[in-house]
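Examination of the molecular architecture
Below are the chains, spelled out letter by letter.
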Amino acid sequence: MKKVKIVVAGPRGRMGKEAVELVLETENFELAGVLDRRNDGKSLREAEGVDSDALIYTDIYKCFKEQQPDVLIDLTTPEVGMEHTVIALESGVRPVVGTTGFSTGDLAKLEDLCKQTRLGCIIAPNFAVGAVLMMKFSKMAARYFSDVEIIELHHDQKLDAPSGTAVKTAEMISSVRERKKQGHNDEKEAIPGARGADFEGMHIHSVRLPGLIAHQQVMFGSDGQTLSIRHDSYNRASFMSGVKLAVETVMEKDSLVYGLENIIE
Ligand SMILES: NC(=O)c1ccc[n+]([C@@H]2O[C@H](COP(=O)([O-])OP(=O)(O)OC[C@H]3O[C@@H](n4cnc5c(N)ncnc54)[C@H](O)[C@@H]3O)[C@@H](O)[C@H]2O)c1
Ligand SMILES: O=C(O)C1=N[C@H](C(=O)O)CCC1
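In this text, all values refer to a predicted model and were calculated from it rather than measured experimentally.

Concerning the packing of helix α3 (residues 60–67) against helix α4 (residues 78–90)
The interhelical angle for the contact between α3 and α4, taken along N-to-C directions, is 35°, at an axis separation of 11 Å. In this structure, α3 crosses over α4, and the sense of that crossing is right-handed. For the pair formed by α3 and α4, the contact residues are I60, Y61 and F64 on the first element and H84, I87 and A88 on the second. Among the residues forming the contact of α3 with α4, the class breakdown is 5 nonpolar, 1 polar and no charged.

Side note on unusual backbone geometry
In this structure, the amide linkage connecting A161 to the following residue, P162, adopts the cis form with an omega of -5°. Examined against the element boundaries, P162 turns out to sit in the loop between β7 (147–154) and α7 (164–174). The phi torsion at N39 lies on the positive side, around 65°, for a residue other than glycine. Positionally, N39 belongs in the loop between β2 (29–35) and α2 (44–48). The residue Q68 is not glycine, and still its phi comes out positive at about 45°. Among the structural elements, Q68 can be located in the loop between α3 and β4 (71–74). Take Q68: its relative accessible area is 53%, and that puts it in the exposed class.

Overview of the pattern of salt bridges
Side-chain pairing between opposite charges can occur once the charged atoms of the two side chains come close. Using the criterion set out here, one finds 14 salt bridges in the structure. Taking the shortest distance from any N to any O, the salt bridge between E261 and K168 comes out at 2.9 Å. Here the residue E261 occupies a position in the segment after β12 (256–258), and K168 occupies one in helix α7, the gap between them amounting to 93 residues. Both residues of the pair, E261 and K168, belong to the buried class. A salt bridge links E187 to R195, with the shortest nitrogen-to-oxygen separation between them at 3.0 Å. Through salt bridges with shared partners, one network takes in R12, D36, R38 and E48.

What about the site of ligand 2?
Taken together, T100, P125, N126, H154, H155, K158, D160, S163, G164, T165, A214 and F239 are the residues near ligand 2. In this structure, P125 approaches ligand 2 through a main-chain N or O atom, which is 3.5 Å from an oxygen atom. Within the side chain of T165, one N or O atom sits 2.4 Å away from an oxygen atom of ligand 2. Expressed as a share of its isolated accessible area of 310 Å², the protein-covered part of ligand 2 is 86%.

Examining the environment of E48
Here E48 shows up in helix α2. According to the relative accessible area criterion, E48 is partly exposed, its value standing at 30%. Between the C-alpha atoms of E48 and L110, which are 62 residues apart in sequence, the distance is 33 Å.

Each value, and the rule that gives it
- Residues numbered from 1 in each chain as written.
- Chains lettered and ligands numbered in written order.
- Predicted model: local features only at pLDDT ≥ 70, side-chain atom pairs only at ≥ 80, totals over all residues.
- Heavy atoms only, no water.
- Axes fitted to C-alpha atoms, helices over the stretch in contact; angles between N-to-C directions.
- Helix = DSSP H or I, 4+ residues; strand = E, 2+ residues; numbered from the N terminus.
- Left-handed = near helix turned anticlockwise from the far one by under 90°.
- Contact = heavy atoms within 4.5 Å.
- Nonpolar A, V, L, I, M, F, W, Y, C, P; charged D, E, K, R; others polar.
- Buried < 20%, exposed > 50% of the residue type's maximum accessible area, 1.4 Å probe, protein only.
- Salt bridge = Lys/Arg side-chain N within 4 Å of Asp/Glu carboxyl O.
- Near = heavy atom within 4 Å.
- Polar contact = N/O pair within 3.5 Å; in protein donor to acceptor, adjacent residues only side chain to side chain.
- Areas by Shrake-Rupley, 256 points an atom, 1.4 Å probe, with all protein chains shown as cover.

Structure representation (C-alpha coordinates):
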(Lines give C-alpha, C1' and ligand atoms only; values in the text may rest on other atoms or scores of the structure.)
(Ligands and ions follow the chains in the order given, each with its own letter.)
Protein backbone atom coordinates (compact mmCIF):
# COMPACT_ATOMS: atom_id res chain seq x y z
CA MET A 1 0.00 0.00 0.00
CA LYS A 2 1.35 3.44 -0.99
CA LYS A 3 2.19 5.58 2.03
CA VAL A 4 0.57 9.00 2.47
CA LYS A 5 3.35 11.62 2.27
CA ILE A 6 2.70 14.30 4.86
CA VAL A 7 4.13 17.72 5.70
CA VAL A 8 3.38 19.11 9.18
CA ALA A 9 3.31 22.90 9.66
CA GLY A 10 4.02 24.10 13.21
CA PRO A 11 6.08 21.06 14.35
CA ARG A 12 7.38 22.72 17.52
CA GLY A 13 3.92 23.70 18.71
CA ARG A 14 1.85 21.89 21.32
CA MET A 15 -0.30 20.21 18.65
CA GLY A 16 2.38 20.05 15.96
CA LYS A 17 4.68 17.92 18.18
CA GLU A 18 1.89 15.38 18.71
CA ALA A 19 1.09 15.38 14.99
CA VAL A 20 4.74 14.68 14.09
CA GLU A 21 4.71 11.73 16.52
CA LEU A 22 1.45 10.47 15.05
CA VAL A 23 2.84 10.56 11.50
CA LEU A 24 6.07 8.84 12.56
CA GLU A 25 4.28 6.03 14.39
CA THR A 26 1.57 5.37 11.76
CA GLU A 27 2.51 2.58 9.39
CA ASN A 28 1.02 3.97 6.20
CA PHE A 29 2.06 7.59 6.86
CA GLU A 30 5.42 9.08 5.86
CA LEU A 31 6.79 12.37 7.22
CA ALA A 32 7.96 14.15 4.05
CA GLY A 33 9.04 17.32 5.86
CA VAL A 34 7.97 20.03 8.26
CA LEU A 35 7.30 23.75 7.86
CA ASP A 36 8.75 25.93 10.59
CA ARG A 37 9.98 29.48 11.10
CA ARG A 38 13.58 28.49 11.86
CA ASN A 39 16.27 25.84 11.18
CA ASP A 40 15.75 25.82 7.42
CA GLY A 41 17.54 22.88 5.77
CA LYS A 42 18.29 21.04 9.02
CA SER A 43 16.77 17.67 9.80
CA LEU A 44 14.33 17.22 12.68
CA ARG A 45 16.93 14.96 14.28
CA GLU A 46 19.64 17.65 14.13
CA ALA A 47 17.47 20.59 15.16
CA GLU A 48 14.96 19.09 17.57
CA GLY A 49 16.30 15.68 18.59
CA VAL A 50 13.30 13.96 17.01
CA ASP A 51 13.96 10.44 15.68
CA SER A 52 13.46 11.44 12.03
CA ASP A 53 15.61 12.63 9.13
CA ALA A 54 12.73 14.65 7.67
CA LEU A 55 13.86 18.12 6.61
CA ILE A 56 12.73 21.45 8.05
CA TYR A 57 11.65 24.08 5.53
CA THR A 58 10.84 27.74 6.06
CA ASP A 59 9.73 28.12 2.42
CA ILE A 60 6.47 26.29 1.68
CA TYR A 61 6.97 26.42 -2.11
CA LYS A 62 10.41 24.86 -1.84
CA CYS A 63 9.07 22.23 0.55
CA PHE A 64 6.22 21.22 -1.77
CA LYS A 65 8.47 21.28 -4.87
CA GLU A 66 11.16 19.08 -3.32
CA GLN A 67 8.95 16.71 -1.32
CA GLN A 68 5.77 16.46 -3.45
CA PRO A 69 3.60 15.63 -0.41
CA ASP A 70 0.02 14.33 -0.58
CA VAL A 71 -1.21 16.10 2.57
CA LEU A 72 -0.39 19.19 4.62
CA ILE A 73 -1.35 19.09 8.31
CA ASP A 74 -1.54 22.69 9.50
CA LEU A 75 -1.35 23.51 13.21
CA THR A 76 -0.11 27.09 13.28
CA THR A 77 -1.95 30.42 13.64
CA PRO A 78 -5.07 31.71 11.82
CA GLU A 79 -3.23 33.99 9.33
CA VAL A 80 -0.41 31.53 8.59
CA GLY A 81 -2.84 28.59 8.44
CA MET A 82 -5.02 30.32 5.84
CA GLU A 83 -1.97 31.23 3.72
CA HIS A 84 -0.63 27.66 3.92
CA THR A 85 -4.02 26.16 3.05
CA VAL A 86 -4.42 28.32 -0.07
CA ILE A 87 -0.86 27.55 -1.24
CA ALA A 88 -1.36 23.83 -0.58
CA LEU A 89 -4.53 23.67 -2.70
CA GLU A 90 -2.88 25.71 -5.46
CA SER A 91 0.06 23.27 -5.35
CA GLY A 92 -2.03 20.09 -5.53
CA VAL A 93 -1.57 19.22 -1.83
CA ARG A 94 -4.63 18.28 0.28
CA PRO A 95 -4.86 20.25 3.53
CA VAL A 96 -5.95 18.89 6.91
CA VAL A 97 -6.35 21.98 9.04
CA GLY A 98 -6.61 22.00 12.83
CA THR A 99 -5.71 25.67 13.07
CA THR A 100 -8.71 27.67 14.32
CA GLY A 101 -9.78 31.27 13.82
CA PHE A 102 -10.68 31.14 10.11
CA SER A 103 -13.45 33.60 9.13
CA THR A 104 -16.59 32.69 7.17
CA GLY A 105 -14.99 34.57 4.25
CA ASP A 106 -11.89 32.36 4.52
CA LEU A 107 -14.07 29.23 4.48
CA ALA A 108 -15.99 30.46 1.41
CA LYS A 109 -12.71 31.17 -0.40
CA LEU A 110 -11.40 27.70 0.43
CA GLU A 111 -14.65 26.08 -0.69
CA ASP A 112 -14.27 27.79 -4.09
CA LEU A 113 -10.63 26.80 -4.34
CA CYS A 114 -11.48 23.15 -3.61
CA LYS A 115 -14.13 23.26 -6.34
CA GLN A 116 -11.65 24.72 -8.83
CA THR A 117 -8.86 22.28 -7.98
CA ARG A 118 -11.15 19.30 -7.21
CA LEU A 119 -9.05 18.62 -4.16
CA GLY A 120 -10.23 17.60 -0.72
CA CYS A 121 -9.55 19.84 2.27
CA ILE A 122 -10.64 19.08 5.83
CA ILE A 123 -10.95 21.87 8.34
CA ALA A 124 -11.70 20.53 11.81
CA PRO A 125 -12.14 23.01 14.66
CA ASN A 126 -11.89 20.05 17.01
CA PHE A 127 -10.34 16.64 16.26
CA ALA A 128 -11.47 15.00 19.53
CA VAL A 129 -14.26 12.49 18.92
CA GLY A 130 -15.92 13.42 22.22
CA ALA A 131 -16.03 17.08 21.22
CA VAL A 132 -17.63 16.17 17.90
CA LEU A 133 -20.30 14.20 19.80
CA MET A 134 -20.82 17.14 22.17
CA MET A 135 -21.54 19.34 19.14
CA LYS A 136 -23.89 16.76 17.60
CA PHE A 137 -25.75 16.25 20.89
CA SER A 138 -26.05 20.04 21.29
CA LYS A 139 -27.63 20.29 17.85
CA MET A 140 -30.10 17.56 18.85
CA ALA A 141 -30.93 19.28 22.14
CA ALA A 142 -31.44 22.65 20.42
CA ARG A 143 -34.58 21.28 18.75
CA TYR A 144 -36.16 21.07 22.22
CA PHE A 145 -34.48 24.01 24.00
CA SER A 146 -34.37 27.42 22.34
CA ASP A 147 -32.22 29.03 25.05
CA VAL A 148 -28.56 28.10 25.22
CA GLU A 149 -25.24 29.54 26.37
CA ILE A 150 -21.85 28.17 25.38
CA ILE A 151 -18.97 28.28 27.84
CA GLU A 152 -15.62 27.35 26.35
CA LEU A 153 -12.53 27.02 28.53
CA HIS A 154 -8.96 26.84 27.24
CA HIS A 155 -5.33 27.28 28.29
CA ASP A 156 -4.13 30.88 28.47
CA GLN A 157 -1.76 30.62 25.47
CA LYS A 158 -4.67 30.39 23.04
CA LEU A 159 -4.75 33.21 20.48
CA ASP A 160 -8.32 33.08 19.17
CA ALA A 161 -11.59 33.70 21.02
CA PRO A 162 -14.15 32.37 20.90
CA SER A 163 -12.66 28.96 20.16
CA GLY A 164 -13.25 27.33 16.78
CA THR A 165 -15.26 24.64 18.57
CA ALA A 166 -17.58 27.20 20.17
CA VAL A 167 -18.18 28.91 16.82
CA LYS A 168 -18.87 25.57 15.14
CA THR A 169 -21.23 24.55 17.97
CA ALA A 170 -23.13 27.83 17.64
CA GLU A 171 -23.36 27.35 13.85
CA MET A 172 -24.70 23.80 14.27
CA ILE A 173 -27.25 24.95 16.85
CA SER A 174 -28.38 27.85 14.68
CA SER A 175 -28.97 25.49 11.75
CA VAL A 176 -31.93 24.06 13.72
CA ARG A 177 -32.95 27.04 15.86
CA GLU A 178 -34.75 30.30 15.01
CA ARG A 179 -32.67 33.38 15.79
CA LYS A 180 -33.59 34.41 19.34
CA LYS A 181 -32.37 37.24 21.54
CA GLN A 182 -31.85 35.60 24.92
CA GLY A 183 -32.10 37.08 28.39
CA HIS A 184 -34.25 40.03 29.46
CA ASN A 185 -35.21 42.49 26.74
CA ASP A 186 -33.99 45.38 28.91
CA GLU A 187 -30.79 43.75 30.19
CA LYS A 188 -27.73 46.04 30.29
CA GLU A 189 -24.05 45.23 30.77
CA ALA A 190 -22.63 47.23 33.68
CA ILE A 191 -19.19 46.00 32.55
CA PRO A 192 -18.83 45.59 28.73
CA GLY A 193 -18.59 41.93 27.73
CA ALA A 194 -20.39 40.65 30.84
CA ARG A 195 -22.86 38.70 28.70
CA GLY A 196 -20.18 37.30 26.41
CA ALA A 197 -20.11 37.26 22.61
CA ASP A 198 -23.43 37.29 20.76
CA PHE A 199 -23.92 34.74 17.99
CA GLU A 200 -27.44 35.13 16.61
CA GLY A 201 -28.71 35.84 20.13
CA MET A 202 -26.77 32.93 21.67
CA HIS A 203 -24.05 33.93 24.12
CA ILE A 204 -20.53 32.49 24.08
CA HIS A 205 -18.24 32.89 27.10
CA SER A 206 -14.48 32.33 26.73
CA VAL A 207 -12.46 31.36 29.81
CA ARG A 208 -8.63 31.39 29.59
CA LEU A 209 -6.62 29.92 32.47
CA PRO A 210 -3.30 28.16 32.94
CA GLY A 211 -3.90 24.51 33.81
CA LEU A 212 -6.71 24.08 31.29
CA ILE A 213 -6.30 22.29 27.93
CA ALA A 214 -9.60 22.37 25.96
CA HIS A 215 -13.08 22.17 27.48
CA GLN A 216 -16.61 23.23 26.60
CA GLN A 217 -19.98 23.20 28.30
CA VAL A 218 -23.15 23.81 26.31
CA MET A 219 -25.92 24.76 28.71
CA PHE A 220 -29.59 24.69 27.72
CA GLY A 221 -32.43 26.03 29.85
CA SER A 222 -36.21 26.02 29.80
CA ASP A 223 -38.94 26.35 32.41
CA GLY A 224 -37.78 24.46 35.53
CA GLN A 225 -34.90 22.56 33.94
CA THR A 226 -31.40 22.86 32.50
CA LEU A 227 -29.39 20.45 30.39
CA SER A 228 -25.57 20.63 30.29
CA ILE A 229 -23.48 18.85 27.68
CA ARG A 230 -19.77 18.96 28.47
CA HIS A 231 -16.57 17.74 26.90
CA ASP A 232 -13.03 17.89 28.33
CA SER A 233 -9.72 17.21 26.60
CA TYR A 234 -7.09 16.54 29.28
CA ASN A 235 -4.21 16.14 26.83
CA ARG A 236 -3.44 16.72 23.15
CA ALA A 237 -3.23 13.01 22.38
CA SER A 238 -7.04 13.19 22.55
CA PHE A 239 -7.01 14.95 19.17
CA MET A 240 -4.78 12.50 17.31
CA SER A 241 -7.24 9.78 16.27
CA GLY A 242 -9.24 12.56 14.60
CA VAL A 243 -6.15 13.87 12.82
CA LYS A 244 -5.41 10.34 11.55
CA LEU A 245 -8.97 9.87 10.32
CA ALA A 246 -8.89 13.28 8.59
CA VAL A 247 -5.63 12.47 6.76
CA GLU A 248 -7.01 9.13 5.57
CA THR A 249 -10.32 10.67 4.52
CA VAL A 250 -8.97 13.78 2.77
CA MET A 251 -7.28 11.53 0.20
CA GLU A 252 -10.74 10.40 -0.97
CA LYS A 253 -12.39 13.84 -1.03
CA ASP A 254 -12.67 16.43 -3.80
CA SER A 255 -14.31 19.28 -1.86
CA LEU A 256 -14.13 21.21 1.40
CA VAL A 257 -15.22 19.42 4.57
CA TYR A 258 -15.72 21.80 7.51
CA GLY A 259 -16.08 19.82 10.73
CA LEU A 260 -15.28 16.24 11.61
CA GLU A 261 -18.97 15.52 12.21
CA ASN A 262 -19.26 15.32 8.42
CA ILE A 263 -16.91 12.33 8.23
CA ILE A 264 -17.72 10.52 11.48
CA GLU A 265 -20.86 8.38 11.16
N1 LIG B 1 -8.57 21.25 15.76
C2 LIG B 1 -8.19 20.85 16.97
O3 LIG B 1 -8.61 19.80 17.47
C4 LIG B 1 -7.20 21.69 17.70
C5 LIG B 1 -6.65 21.25 18.91
C6 LIG B 1 -5.71 22.05 19.53
C7 LIG B 1 -5.33 23.24 18.94
N8 LIG B 1 -5.90 23.63 17.79
C9 LIG B 1 -5.47 24.84 17.07
O10 LIG B 1 -4.23 24.53 16.47
C11 LIG B 1 -3.44 25.71 16.39
C12 LIG B 1 -2.10 25.46 17.07
O13 LIG B 1 -2.31 25.26 18.44
P14 LIG B 1 -1.10 24.99 19.44
O15 LIG B 1 -1.66 24.94 20.80
O16 LIG B 1 -0.29 23.86 18.92
O17 LIG B 1 -0.28 26.36 19.25
P18 LIG B 1 1.29 26.61 19.45
O19 LIG B 1 1.45 28.09 19.63
O20 LIG B 1 1.83 25.70 20.49
O21 LIG B 1 1.90 26.16 18.05
C22 LIG B 1 1.82 26.91 16.88
C23 LIG B 1 3.13 26.71 16.16
O24 LIG B 1 3.03 27.33 14.87
C25 LIG B 1 4.31 27.79 14.55
N26 LIG B 1 4.26 28.76 13.47
C27 LIG B 1 3.85 30.06 13.50
N28 LIG B 1 4.03 30.62 12.30
C29 LIG B 1 4.56 29.68 11.49
C30 LIG B 1 4.97 29.65 10.13
N31 LIG B 1 4.90 30.74 9.37
N32 LIG B 1 5.44 28.49 9.62
C33 LIG B 1 5.53 27.40 10.39
N34 LIG B 1 5.18 27.35 11.69
C35 LIG B 1 4.70 28.49 12.23
C36 LIG B 1 4.83 28.39 15.87
O37 LIG B 1 6.25 28.47 15.85
C38 LIG B 1 4.32 27.36 16.87
O39 LIG B 1 5.31 26.38 17.13
C40 LIG B 1 -4.28 26.81 17.01
O41 LIG B 1 -4.97 27.50 16.01
C42 LIG B 1 -5.25 26.06 17.89
O43 LIG B 1 -6.45 26.75 18.10
C44 LIG B 1 -6.81 22.88 17.17
O1 LIG C 1 -5.75 24.50 22.28
C2 LIG C 1 -6.46 25.05 21.44
O3 LIG C 1 -6.19 26.18 20.96
C4 LIG C 1 -7.68 24.37 20.95
N5 LIG C 1 -8.38 24.93 20.04
C6 LIG C 1 -9.52 24.37 19.42
C7 LIG C 1 -10.59 25.40 19.24
O8 LIG C 1 -10.31 26.59 19.04
O9 LIG C 1 -11.76 25.02 19.26
C10 LIG C 1 -10.05 23.13 20.06
C11 LIG C 1 -9.16 22.33 20.88
C12 LIG C 1 -7.99 23.04 21.50
